[in-house]
Amino acid sequence: MPYVDRQNRICGFLDIEENENSGKFLRRYFILDTREDSFVWYMDNPQNLPSGSSRVGAIKLTYISKVSDATKLRPKAEFCFVMNAGMRKYFLQANDQQDLVEWVNVLNKAIKITVPKQPDSQLNSDNLNRQGECGKKQVSYRTDIVGGVPIITPTQKEEVNECGESTDKNNLKRSQSHLPYFTPKPPPDSTVIKAGYCVKQGAVMKNWKRRYFQLDENTIGYFKSELEKEPLRVIPLKEVHKVQECKQSDIMMRDNLFEIVTTSRTFYVQADSPEEMHSWIKAVSGAIVAQRGPGRSASSVGLSFSRVIFLVPHLV
């Protein structure tokens, strides 16, 4: 789901068809910043990328005329919506129906604030240009933002029919070679309670890396990816004292950060959204309660100890 970060920007993961009419959707991290009048996307959350990493794409909000549901236009692409920006239509895929509705609403609200009404003469001119293109040799274009100004340039890729007649809709699919899907399918193992990608801080270098986490009845482990069979590390739930929203998130400047406190180390984990963060906290806490029995949750271990310290003076 889109969420508001510490800089008051709306952020979240979406899949985007970067090459028009290609049918190939790539996982990207989007930032909607009304103060900067921009909608930009990166390979991942910029916090997890090397310093100085450039964005993959950007659109000025004043250049977007409309955002709407596109499930009828792209029936093979689930939870799809479209942004009309000048001569280009950007098709994006949300994670679920609620995610789609929220992104469409926040984008339309943003462009209503920033987009001036186009003169009728300009709209007629755009329509004439589009009608003329359908009868000509088809050339695809790319929109770049240079110095805050949208620049449309022809690309050297294969020709595509702008009228949409030659597009094979059966090729619409999510790319598996880029960032993983927001809610990947858990392994068929019936003991798996929750699985998915998060970003974890390293113990020595203190760098942040995306890892595939898997929670079962007795452990929580993380892998380099969902394709790996051997985990990088497995944490027994019996060693977990508590799992909670991180109190150091302001210092670390990380959104959606939670911590898994064990006897030997505190693991700092960043989810992709507030909903995912709370879902992981609830899932891990629930697994601990199920393992230890009622009244033996992760937080109750520390609580019981504090009660003993408090009562001892009264018994002396």
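Everything in this summary refers to the structure shown in the same document. Nothing here was measured: the structure is a model prediction, and the numbers come from that model.

## With respect to the nonpolar core
Then comes step 1: Counting 22 residues, the largest nonpolar core has F81 and M83 as its most contacted members.
Then comes step 2: Mapped by element, the contributors of at least two residues to this core are strand 2 (10–16), strand 3 (24–33), strand 4 (38–42), strand 6 (64–69), strand 7 (80–85), strand 8 (88–93) and helix 1 (97–114).
Then comes step 3: Take this core: its biggest share by element is six residues, from helix 1.
Then comes step 4: Listed in part, the 21 residues of the second largest apolar core include C198, A271, W280 and A287.

## Remarks on helix 4 (residues 274–292)
Then comes step 1: The terminal C-alpha atoms of helix 4 lie 27 Å apart, and with 19 residues this matches the ideal 27 Å at 1.5 Å per residue to within 8%.
Then comes step 2: Within helix 4 the residues assigned to the buried category are E276, M277, W280, I281, A283, V284, A287 and I288. One side of helix 4 holds all its buried residues, which, seen down the axis, span an arc of 165°. Along helix 4, the residues that are exposed and aim more than 90 degrees away from the buried face are K282 and A290.
Then comes step 3: G293 sits one or two positions beyond helix 4 and adopts a positive phi of about 95°.

## Some thoughts on the packing of aromatic side chains
What characterises a pair of aromatic rings is the spacing of the ring centres plus the angle enclosed by the ring planes.
Then comes step 1: Evaluation of the coordinates by the stated rule reveals nine aromatic pairs.
Then comes step 2: Between F13 and Y29 the ring centres are 5.1 Å apart and the planes differ by 70°, which places this aromatic pair in the edge-to-face class. Residue F13 is found in strand 2, and its partner Y29 is found in strand 3; the two are separated by 16 residues along the sequence. Grouping residues by exposure puts F13 and Y29 together as buried.
Then comes step 3: Between F213 and W280, the aromatic rings sit 6.3 Å apart at their centres with planes inclined by 65°, giving edge-to-face as the arrangement. In this pair, F213 is assigned in strand 13 (residues 208–215) and W280 in helix 4, connecting sequence segments 67 residues apart.

## Topic: the pattern of salt bridges
Then comes step 1: All chains considered together, the criterion is met by 11 salt bridges.
Then comes step 2: As a salt-bridge pair, R210 and D272 come within 3.4 Å of each other at their nearest N and O atoms. Here R210, found in strand 13, pairs with D272, found in the loop between strand 18 (266–270) and helix 4; they are 62 residues apart in sequence, far enough to count as distant. Residues R210 and D272 agree in their burial class; the two are buried.
Then comes step 3: The network of salt bridges with common partners includes D44, R210 and D272.

Criteria and thresholds
Residues numbered from 1 in each chain as written. Predicted model: local features only at pLDDT ≥ 70, side-chain atom pairs only at ≥ 80, totals over all residues. Heavy atoms only, no water. Core = buried A, V, L, I, M, F, W, Y, C linked by side-chain atoms within 4.5 Å. Buried < 20%, exposed > 50% of the residue type's maximum accessible area, 1.4 Å probe, protein only. Helix = DSSP H or I, 4+ residues; strand = E, 2+ residues; numbered from the N terminus. Expected span 1.5 Å × (residues − 1). Arc of directions from axis to C-beta. Phe/Tyr/Trp six-rings, centres within 6.5 Å; stacked < 30°, edge-to-face > 60°. Salt bridge = Lys/Arg side-chain N within 4 Å of Asp/Glu carboxyl O.

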